[in-house]
Amino acid sequence: MLLLWSKIFEILLSLHHNGIRSSAISSMLKQLPSAMLKLAEDRESGGLFNNWFGKKSKYGLEFRMSTRILATFLLYQVNKDGSLRVSAGSRHNLTGEAGKAMDTVRSLVHNKAYLAHIDTLQKCIAMTQDTSRTFLNVMELLRFLSMTYFSERPFLRTIVYVTKS
C-alpha cells in the first residue's frame, strides 16, 4: 500500500508542478484520507460494538501507525474551504476531520502498544503541524516512515531512492 500511495502522491505532485489548479488536486485528494484511516484501525469494524469487540486488524502496528500519520498529514493540507496548502507558512485552516485525526494520532503516544514508537510519533506530529510543510512535502513524510519501519523491504526502497531530492 505504501508503494501505491507513493505513486498516487507522485502523480498529484506532478499535476501540481505541471500547472493543474490546486482546487482540482484538492478534490482528488479529499477522498484518500478516509480510505486510509479505515486501514489504520486497530480493530476491524463493521458494527456498533466492533470497535471494542471486533477482530484485531490484519495489518501490522507500524503499517497502521504510518497510515494514520499519512492520512492526518493529508487532512492537514486541505483547508476548510477545500483549498490545498501549497504555500509554506500559510496557516492551517483545519476541518473538524483533521482535528479529530490529529487527536487520534496524539492519543497513540499514551497507548502501551505504541510505546516503542513515541519518538517517531512525536516527530511526525511535529512535521504535520509545521506550517512550513505543505502538501508538497508529503513524500518527505512517506520517505521518513518507509526508512524508519520498512527499510528491509526491497520493493519499498524505490520510495526512498526515487523521492530523494
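Residues numbered from 1 in each chain as written. Predicted model: local features only at pLDDT ≥ 70, side-chain atom pairs only at ≥ 80, totals over all residues. Heavy atoms only, no water.

## What to know about the overall build of the protein
Thinking step 1. Of the regular secondary structure elements, the protein holds nine helices and zero strands.
Thinking step 2. Scanning the protein from its N terminus toward the C terminus, one meets helices and strands in the order α-α-α-α-α-α-α-α-α.
Thinking step 3. Counting only residues that meet the buried cut, the protein has 42% of its 165 residues in that class. (Helix = DSSP H or I, 4+ residues; strand = E, 2+ residues; numbered from the N terminus. Buried < 20%, exposed > 50% of the residue type's maximum accessible area, 1.4 Å probe, protein only.)

## Brief notes about the packing of aromatic side chains
Thinking step 1. Counting across every chain of the model gives three aromatic pairs.
Thinking step 2. Taking the centre distance of 6.3 Å and the plane angle of 65° together, the rings of Y149 and F150 count as edge-to-face. Residue Y149 shares its accessibility class with F150, and that shared class is buried.
Thinking step 3. Three or more aromatic residues link up through ring pairs in this structure, and these residues are W5, Y59 and F63. (Phe/Tyr/Trp six-rings, centres within 6.5 Å; stacked < 30°, edge-to-face > 60°.)

## Section: the confidence of the model for the protein
Thinking step 1. The predicted model of the protein averages 86 in pLDDT, with 87% of residues at 70 or higher.
Thinking step 2. Per-residue pLDDT, averaged within each element of the protein, yields its smallest value for helix α4 (residues 50-53) (54) and its largest for helix α7 (residues 118-129) (96). (pLDDT = per-residue confidence, 0-100.)

## Remarks on helix α1 (residues 2-17)
Thinking step 1. With 16 residues, α1 should cover 22 Å at 1.5 Å per step; its first-to-last C-alpha distance of 22 Å lies within 8% of that length.
Thinking step 2. Residues of α1 that are buried include every one of L2, W5, S6, F9, L12 and L13, and no others. For α1, the buried positions fall inside an angular range of 130° around the axis, keeping them on one side.
Thinking step 3. G19 sits one or two residues past α1 and shows a positive phi near 90°. (Expected span 1.5 Å × (residues − 1). Arc of directions from axis to C-beta.)

## Let's talk about the packing of helix α6 (residues 96-108) against α7
Thinking step 1. At a closest axis distance of 9 Å, the pairing of α6 and α7 adopts a crossing angle of 155°. With respect to their mutual orientation, α6 and α7 come out roughly antiparallel. Every pair of crossing elements has a handedness; the one defined by α6 and α7 is left-handed. Residue-level inspection shows M102, V105, R106 and L108 of α6 in contact with α7, the latter providing L121, I125, T128 and Q129. (Axes fitted to C-alpha atoms, helices over the stretch in contact; angles between N-to-C directions. Parallel < 35°, antiparallel > 145°, perpendicular 65-115°, else oblique. Left-handed = near helix turned anticlockwise from the far one by under 90°. Contact = heavy atoms within 4.5 Å.)

## Comments concerning the environment of R91
Thinking step 1. Looking at the element boundaries, R91 is found in the loop between α5 (61-76) and α6.
Thinking step 2. The residues contacting R91, other than those within four sequence positions of it, are N79 and R85.

## Thoughts on the nonpolar core
Thinking step 1. Judged by nonpolar contacts, the single largest core of 42 residues is most densely connected at W5, F9, L70 and F135.
Thinking step 2. If you tally residues by element for this core, the top one is α5, at 10 residues.
Thinking step 3. Aside from chain neighbours lying at most four places away, what touches F9 is L32, L70, L74, V138, M139 and L142. (Core = buried A, V, L, I, M, F, W, Y, C linked by side-chain atoms within 4.5 Å.)

## What to know about the side chain of R68
Thinking step 1. Following the sequence through the fold, R68 ends up in helix α5.
Thinking step 2. Note on R68: relative accessible area 7%, which makes it buried.
Thinking step 3. Polar side-chain contacts of R68 include one of 2.5 Å to the backbone oxygen of A40.
Thinking step 4. In this view, R68 contacts L37, A40, E41, D42, T104, V105, L108 and Y114; residues no more than four positions away in its chain are not counted. (Polar contact = N/O pair within 3.5 Å; in protein donor to acceptor, adjacent residues only side chain to side chain.)

## Topic: helix α2 (residues 22-29)
Thinking step 1. The set of residues buried in α2 consists of A24, I25, S26 and L29.
Thinking step 2. On its buried face, α2 sits against α1, α3 (32-39) and α5.

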